[in-house]
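# Examination of the molecular architecture
The residues making up each chain are set out below.
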Amino acid sequence: MGVTVIEAIGHGRERGVTHEYRGRTFESRFLPKALLTFVVEDALAERVVAAVADAGRTGHSSGDGMCWGSTVSNVVHHRTGKRLG
Amino acid sequence: MTHHQLLIAANTIWVVVAAVLVMFMQAGFAFLEAGLTRMKNAAHIAGKNVLIFGVASLVYWLVGFGLAFGDGNGFLGTNGFAPSFGALLAVGKAPYTAFVGIPGAAGWLFEVVFAGVSLAIVWGAMAERAKLWVYFAFGAIFTVVYSLVSHWIWAPGGWLQRFGMQDFAGSTVVHYQGALAALAGALLLGPRIGKFGHDGRANAIPGHNMPYAVLGTLILWFGWFGFNPGSTLGVATGGRVGFFGYVALTTNLAAAAGGVGGICVAWLVLRKPDVSMMLNGVLAALVAVTAACGFVAPWAAVAIGFVAAAIAVVAVPLVERLGIDDPIGAVAVHGLAGIWGTLATGLLAVPALAATVGVGQGGLLYTGSPYQLGVQALGLVAVAAFTFSASYGSLWTLNRLWGIRVESHVETAGLDVAEHGMWGYPEFYIPVPGGYGTESHGHLGVAHRPVPLPEPRLVPAADAAG
C-alpha cells in the first residue's frame, strides 16, 4: 500500500534530445525519467495501472513511458512485523 | 596644503579607488570562469583567482614593479625591487620617477591589479585540466614576463613607448599578453577529455551556471570603470581636468555595443542567441576599447565594440576547429579582440585626443598617415614573439620536467575533490550530515520528531515458514 518514486535517466524511442551551446549542438542520449513502484492489493491493481497510464499520456509522439504489473511475494511490514502476502 | 599637494591628493584618491575597482575584477573572473565550466571543478576554478592574485602580488612586489616601472633602460627597469616605505611614499622620485602625480605606493597598487587581471586571463583557456602547482610556478613566471612588456609600452623611455605605441589601459599589455600565454597553455595541455569526438568534431561541454557567468561579466564591466578611466593615473590629463570621465563614457559605449552585437551576431551566425556569447561580446568589446578608450570619438568606441563582439562570436568556434580547447574563450575574447582594439586605435585615434593623452599621433582615418597603425602592428608582433615564446618555453619545460596536466582519473573525478579534497557542491555528490538527500531534505524539509524505539516484534522463523 504505497508508492516509491525513483528519479532515473533513460530513453525509449525518442532517443534523447539535442540542444545548442556556443554554436555547437549538444546531444543528450538520456533524459530524466521517473520509475514508479506501487505495491497494492490485487483488487486495486487494475485501477492503479489505469490511473498511471492516464496521467502519463501527454499527446506527444514519444516519451510518455509505459506501465506494467507483476506479483510480489514475502511482503513484510517493517514496523509491525506483519506478513502481508 | 599647496595647490600641487591638493592635486596629488585628488590624483591619489582616484587612482586608489580605480585600483580597488580593478581588484574586484578577480571576483568577476571567478564567477565567469566557474559559471562557464563544470560543477565538479567550480571551487577550484573560483578559488584559483584568490591564489593567483596572491602569487602575482608577492612577485610584483619583489621584482615585477621594479622591472615594469623602476628607472632603467628601454627594455627593463633596473631599480625599485622589493621596495620599502621610503620609495613607496615619495612622489615622482627615484626609483619610480615614472609616477609624477601620485606616490609610488598608489602606482604599485594600480599596476599590481593589472598584473593580476592579465594572469587571471591565462587560466581561462587552461581550465579544468591543469595541476594546482602550475598556478604557483607559471603565475610567478608570467608576472615577470608581463612586467617586462608593460615596461616596453607604458614606462617612460620604454622602446615601444618611444615609438608612440597607443595602448591606453592595456589591450596589448594586459589582454593580448594573457591570451598569448593562454594559447600556449591550451596547446600544451591539449583538450579536455571528451571535448573532441573520434571524428575530431568539437562537442559542447556546457558551463554549469549561466547566471554566475552573467554576474561575473557584470562585475568585470563594473571593474573596467577602474581599469580604463583609472589609467589616466590622475584627475587631469594633458590640461583637461576630469578627462577620466570621458574615458569611462567610451568604455561604456563599447561594452554596450558589444553586448547587443554579441547576441545579435550569435543569433545570425550560430542560429541561437547564446547567452554566453552575449557575455563574450561584452568582454571582447571592453578588451578592444581598452587600448582606444582615451584616443577615440564616441562613435568609434561603438564601432570598435560591435566589431570586437562579432570577432569573438565568430572566432570561438574557429579556435575549436583548430583543435584548441578554450573553455572560456580567452584566445578569441582577449587575444583577437585585443589585436583588433590595438589596431583600431591606430586607425581611429583622434589627433586632438592623442595630443591630450600625450602618446603617439592621430590614426590613419584622420591623418592619412599609416605611421600610428604601423607602430601598433609592430607592438603586436613584438609582444607576440616575446610573450608567446616565453610562455610556451617555460610551460613546455615545466611539462617535460613534471607534467602540467592532471592524470585522466583526476580530470574525470574533477579537480575539486581530486586536488583539494572536497567538491564545491558536495551535496550533489555525497551525503552530507543534514544536507541534500538526508532527513532535512525529505518530508518537505520537516524532520520527524524523535520517538522512542518500539519493542522488536520479530516474527518467529517457524511462523514464517509455516
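Owing to the predicted nature of the structure, the values given are computational and were not obtained by experimental measurement.

### Looking at the overall build of chain A
- A count of helices and strands for chain A gives one helix and four strands.
- Taken from the N to the C terminus, the helices and strands of chain A come in the order β-β-β-β-α.
- On C-alpha atoms alone, chain A measures out to a radius of gyration of 18 Å, which is more than a quarter above the 12 Å that the 2.2 N^0.38 rule sets for 85 residues.
- Based on the C-alpha atoms only, the size of chain A along its principal axes is roughly 60 × 25 × 15 Å.
- Looking at the 85 residues of chain A, the share that counts as buried comes to 11%.
- Nonlocal contacts in chain A, meaning residues at least 24 apart in sequence, comprise 36% of its contacts between residues at least 6 apart.
- As displayed, chain A offers around 7,000 Å² of accessible surface, 55% of which is attributable to carbon and sulfur atoms.
- Here chain A contributes 11 positive and 9 negative side-chain charges, whose respective centroids are spaced 5 Å apart.

### Examining the overall build of chain B
- Per the secondary structure count, chain B includes 18 helices and two strands.
- On C-alpha atoms alone, chain B measures out to a radius of gyration of 25 Å, which is about the 23 Å that the 2.2 N^0.38 rule sets for 466 residues.
- Counting only C-alpha atoms and orienting by the principal axes, one finds that chain B spans roughly 105 × 50 × 45 Å.
- Within the span of chain B, comprising 466 residues, buried residues form 54% of the whole.
- Here the analysis covers contacts within chain B between residues at least 6 apart in sequence; of these, 74% occur between residues at least 24 apart.

### Considerations on the interface of chain B and chain A
- Contacts between the two partners involve 24 residues from chain B and, on the opposite side, 11 residues from chain A.
- Of the roughly 1,500 Å² buried at the junction of chain B and chain A (both faces included), carbon and sulfur atoms supply 48%.
- Taken together, chain B and chain A are joined by two salt bridges.
- A salt bridge links E20 of chain A to R271 of chain B; the shortest N-O distance between them is 3.0 Å.
- The interface formed by chain B and chain A contains eight residue pairs in polar contact (both at pLDDT 80 or more).
- When residues of the side of chain B that touches chain A are traced back to their parent elements, those giving at least two are α10 (275-292) and α11 (298-321) of chain B.
- Ranked by residue count, the leading element in the side of chain B that touches chain A is α11 of chain B, at four residues.
- Its residues assigned to classes, the side of chain B that touches chain A shows 14 nonpolar, four polar and six charged.

### Overview of the pattern of salt bridges
Residue and element names in this part refer to chain B.
- According to the stated counting rule, one finds nine salt bridges over all chains in the structure shown.
- R192 is paired through a salt bridge with E128; the nearest N and O atoms lie 2.3 Å apart. With R192 in the loop between α7 (171-189) and α8 (210-227) and E128 in the loop between α4 (104-124) and α5 (132-154), this pair connects stretches of sequence that are 64 residues apart. For the pair R192 and E128, a shared accessibility class is recorded, and that class is buried.
- In this structure, the salt-bridge partner of R192 is D325, at a minimum N-O distance of 2.8 Å. Highlighted residues: R192 in the loop between α7 and α8 and D325 in the loop between α11 and α12 (330-348), separated in sequence by 133 residues. Take R192 and D325: they sit in the same class, and that class is buried.
- When salt bridges with common partners are traced through the structure, they connect R38, E128, R192 and D325 into a single cluster.

### Brief notes about the environment of V117 of chain B
Residues and elements named next belong to chain B.
- Structurally, the position occupied by V117 is in helix α4.
- For V117 and V265, which are 148 residues apart along the polypeptide, the C-alpha to C-alpha distance reads 27 Å.
- Aside from chain neighbours lying at most four places away, what touches V117 is V22, M25, Q26, F29, V174, H175 and F227.

### A few points about α8 of chain B
Residues and elements named next belong to chain B.
- Over its 18 residues, α8 extends 25 Å from the first C-alpha to the last, a length consistent with the 26 Å expected when each residue adds 1.5 Å.
- Those residues of α8 that fall on the buried side of the exposure criterion are A213, G216, T217, I219, L220, W221, G223, W224, G226 and F227.
- Packing partners of the buried residues in α8 comprise α1 (3-35), α4, α7, α9 (243-269) and α10.
- In this structure N209 caps α8, since a side-chain oxygen of it lies 3.1 Å from the backbone nitrogen of Y212.

### Topic: the environment of S147 of chain B
Residues and elements named next belong to chain B.
- One can find S147 in helix α5.
- Residue classification places S147 among the buried positions, given a relative accessible area of 0%.
- With 36 residues separating them along the chain, S147 and E111 place their C-alpha atoms 9.4 Å apart.
- Residues in contact with S147, not counting those within four places in the same chain, are Y60, G64, L67 and A68.

### Section: the nonpolar core
Residues and elements named next belong to chain B.
- Counting 113 residues, the largest nonpolar core has F114, W123, I153, V174, F227 and L395 as the members making the most contacts within it.
- For this core, the element with the most residues is α4, which contributes 13 residues.
- Look past the residues within four positions of F227 in its chain and what remains in contact with it is V22, M25, F110, F114, V117, A169, V174, H175 and T290.
- Counting residues in each nonpolar core, the second largest holds eight residues, with A266, A315, V316 and A332 among its members.

### What to know about the packing of aromatic side chains
Residues and elements named next belong to chain B.
- Overall, the coordinates contain 27 aromatic pairs over all chains when judged by the stated rule.
- With centroids separated by 4.6 Å and ring planes inclined at 40°, the aromatic side chains of F65 and Y96 adopt a geometry described as tilted. Of this pair, F65 sits in helix α2 (residues 42-69) while Y96 sits in the loop between α3 (85-89) and α4, and the two are 31 residues apart along the sequence.
- In this structure Y96 comes out as buried when scored by relative accessible area, which is 2%.
- Summarising the aromatic geometry, the rings of F114 and W154 are spaced 6.0 Å apart at their centres and angled 80° between planes, so their arrangement reads as edge-to-face.

### Thoughts on unusual backbone geometry
- Here A94 of chain B and P95 of chain B are connected by a cis peptide whose omega angle stands at 5°.
- Inspection of the secondary structure assignment puts P95 of chain B in the loop between α3 and α4.
- Its identity is not glycine, yet N74 of chain A carries a phi of approximately 55°, on the positive side.
- Position of N74 of chain A relative to the elements: it lies in the segment after α1 (42-56).
- Relative accessible area serves as the criterion here: at 61%, N74 of chain A is assigned to the exposed category.
- Backbone geometry places R271 of chain B, a non-glycine residue, at a positive phi of 80°.
- Note on R271 of chain B: relative accessible area 48%, which makes it partly exposed.

Reading the values: the criteria
- Residues numbered from 1 in each chain as written.
- Chains lettered and ligands numbered in written order.
- Predicted model: local features only at pLDDT ≥ 70, side-chain atom pairs only at ≥ 80, totals over all residues.
- Heavy atoms only, no water.
- Helix = DSSP H or I, 4+ residues; strand = E, 2+ residues; numbered from the N terminus.
- Rg over C-alpha atoms; globule rule 2.2 N^0.38 Å.
- Buried < 20%, exposed > 50% of the residue type's maximum accessible area, 1.4 Å probe, protein only.
- Contact = heavy atoms within 4.5 Å.
- Areas by Shrake-Rupley, 256 points an atom, 1.4 Å probe, with all protein chains shown as cover.
- Lys, Arg positive; Asp, Glu negative; His and termini not counted.
- Charge placed at Lys NZ, Arg CZ, Asp CG, Glu CD.
- Buried area = accessible area lost by both parts, 1.4 Å probe.
- Salt bridge = Lys/Arg side-chain N within 4 Å of Asp/Glu carboxyl O.
- Polar contact = N/O pair within 3.5 Å; in protein donor to acceptor, adjacent residues only side chain to side chain.
- Nonpolar A, V, L, I, M, F, W, Y, C, P; charged D, E, K, R; others polar.
- Expected span 1.5 Å × (residues − 1).
- Core = buried A, V, L, I, M, F, W, Y, C linked by side-chain atoms within 4.5 Å.
- Phe/Tyr/Trp six-rings, centres within 6.5 Å; stacked < 30°, edge-to-face > 60°.

Function-wise, these values are silent; they only describe arrangement.
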